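What follows is each chain in one-letter form.
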Amino acid sequence: MPRSTILAATFVAAIGASLACSTGSQPTPPPAKPVTPAPAPSAAPPAASGTKPAPPPNAQKKELPREKRVAPPADWETMYDPVRGYSFEVPKGTTEEHNESKDGVDVYIGTTPKPSELTILVVAFKDKKLTIDDLFKTSEGILKEFGFLLSHSKEEMLSDDYGLALGSLTDKDGKKYKVKILVATDVTDNYIMIVGTTENEFKAHEQEIDQIWGSFTMYSGGASGNS
């Protein structure tokens, strides 16, 4: 098993830990709905009975500033969560390793196909008091629950609603990984996205990492109040 895939497996194995303790809040759990691939724009529409969730055509959305994004290829798939109101793009063949809603915290873990085999972690929860800086600190607490020591640097405010940082992860066996951490806040909803791989493989796949976090989109007001 590639070490980047081990990262996803380790996240999955640690899901039993209480993420509510990391967020410092006890929100009401929403109904659990899986994040599932929406059809690619060029794909033929599926039959009504088999339609997968996709962002409504007229939905208000809060994207990252265009100049901060690296556009993903047109044939990538859209992963959309209609309950938490977010989406992002992934390469075709990305596998969902874990998807769970527990104690008001939603956790998605996925792995992109070869050759990159990147690990994608998305944590979503409600807390209207948190700031972008709070979310960076929360990301460290969440990774600690997973048995990882996370340190981050080069924090950058991408907009009023989004922040980005470069992170280094060390697991309990001393293995090292490198990740990009995107945090976002949308009035009461908060999102933490971590995308990465082993330290040695990071540079070779950094563009794909940037394409994934750069496609993250929220579907409502945003901290700035602009949609």
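Each chain carries its own residue numbering, running from 1 in the direction its sequence is written. Whole-chain, interface and lining totals are the exception, using all residues; otherwise, since this is a predicted model, local features are given only for residues with pLDDT of at least 70 and side-chain atom pairs are given and counted only at 80 or more. No hydrogens and no water enter the side-chain calculation; it runs on all heavy atoms of the structure.

Colleague: Please set out the overall build of the protein residue by residue, giving values where relevant.
Modeller: Scanning the protein from N- to C-terminus turns up five helices and 12 strands. For the accessible areas, the method is Shrake-Rupley and the probe is 1.4 Å, while residue cover comes only from the protein chains on display. For the protein, the accessible area works out to roughly 10400 Å², and carbon and sulfur atoms hold 52% of it. Strands are runs of DSSP state E lasting at least 2 residues, helices are runs of H or I lasting at least 4, and numbering of each runs from the N terminus.

Colleague: Which residues make up the pattern of salt bridges, and what values go with them?
Modeller: The rule for a salt bridge is simple: a side-chain nitrogen of Lys or Arg has to be within 4 Å of a carboxyl oxygen of Asp or Glu. All chains considered together, the criterion is met by 13 salt bridges. Of the charged contacts in the structure, one is a salt bridge between Glu-206 and Lys-180, with a shortest N-O distance of 3.1 Å. On the criterion of sequence distance, the pair formed by Glu-206 in helix H5 (residues 206-214) and Lys-180 in strand E10 (residues 176-186) is long-range, its members being 26 residues apart. Residue burial is assigned from relative accessible area. The probe radius is 1.4 Å, only protein chains are included, and a residue is buried under 20% of its type maximum, exposed over 50%, and partly exposed in between. Of the residues examined, Lys-180 reaches a relative accessible area of 10% and is grouped as buried. In this structure, a network of salt bridges that share partners links the residues Arg-84, Asp-106, Lys-126 and Asp-189.

Colleague: Talk me through unusual backbone geometry; I want residue IDs and the actual numbers.
Modeller: Here the residue pair Lys-114 and Pro-115 is connected by a cis peptide bond, since its omega of 10° sits within 30 degrees of zero. Within the element layout of this structure, Pro-115 appears in the loop between strand E6 (105-111) and strand E7 (119-126). Phi angles above zero are rare outside glycine, and Lys-154 is one such case at about 55°. With respect to the helices and strands, the residue Lys-154 is situated in strand E8 (residues 149-157). Judged by relative accessible area, Lys-154 falls into the exposed class, the value being 66%. A positive phi is found at Val-187, a non-glycine position, where the angle reads about 65°.

Colleague: How would you sum up the sheet that holds E7? Please name residues and give values.
Modeller: Two strands make a pair as long as DSSP finds a minimum of two bridges between them. Strands sit in the order E5-E6-E7-E11-E10-E9-E8 across an open sheet of seven strands; the sheet is antiparallel. Each edge of the open sheet carries a strand with a single partner, namely strand E5 (95-102) and E8. Direction aside, neighbouring strands of the sheet carry axes that sit 15° apart on average. Bridge analysis of E5 against E6 gives seven bridges, and the strand direction is antiparallel. Residue pairing in the sheet places Glu-100 in a bridge with Val-107 of E6. Lying on the sheet, helix H3 (residues 132-145) is in contact with E7, E8, strand E9 (162-170), E10 and strand E11 (189-198); it crosses E10 at an angle near 135°. To obtain an axis, a line is fitted to C-alpha atoms, over the contacting stretch when the element is a helix, and the angle between two such axes runs from 0 to 180 degrees between their N-to-C directions. By definition in these notes, contact holds between two residues if any of their heavy atoms fall within 4.5 Å.

Colleague: Can you explain H3? Please cite residues and give values.
Modeller: Multiplying one less than the number of residues by 1.5 Å gives the expected span of a helix. If you check H3, its first and last C-alpha atoms are 20 Å apart, about what 14 residues at 1.5 Å a residue would give, namely 20 Å. When H3 is considered as a whole, its buried residues turn out to be Ile-132, Leu-135, Phe-136, Thr-138, Ser-139, Ile-142 and Leu-143. Down the axis of H3, the buried side of the element spans an arc of 160°, and every buried residue falls inside it. Across H3 from its buried face, at more than 90 degrees, point the exposed residues Lys-137 and Lys-144. Positive phi shows up at Gly-147, right after H3, with a value of about 85°. As used here, the arc is the angular range of directions from the helix axis to the C-beta atoms.

Colleague: Summarise the packing of aromatic side chains; cite the residues concerned and give the values.
Modeller: In this scheme Phe, Tyr and Trp rings, the latter by its six-membered ring, pair at centre separations within 6.5 Å, and the angle between planes marks the pair as stacked below 30 degrees, edge-to-face above 60, and tilted otherwise. A complete count under the given rule lists eight aromatic pairs for this structure. Summarising the aromatic geometry, the rings of Tyr-86 and Phe-88 are spaced 6.3 Å apart at their centres and angled 5° between planes, so their arrangement reads as stacked. The two residues Tyr-86 and Phe-88 agree in class, both being buried. Their ring planes at 65° and their centres at 5.4 Å tell us that Tyr-86 and Tyr-191 sit as a pair that is edge-to-face. Remark: Tyr-191 occurs in strand E11 and Tyr-86 occurs in strand E4 (residues 86-90); sequence separation between them is 105 residues. Judged on exposure class, the residue Tyr-86 and its partner Tyr-191 are both buried. Site record: aromatic cluster; members linked through ring pairs are Tyr-86, Phe-88, Tyr-108, Tyr-162, Tyr-191 and Phe-216.

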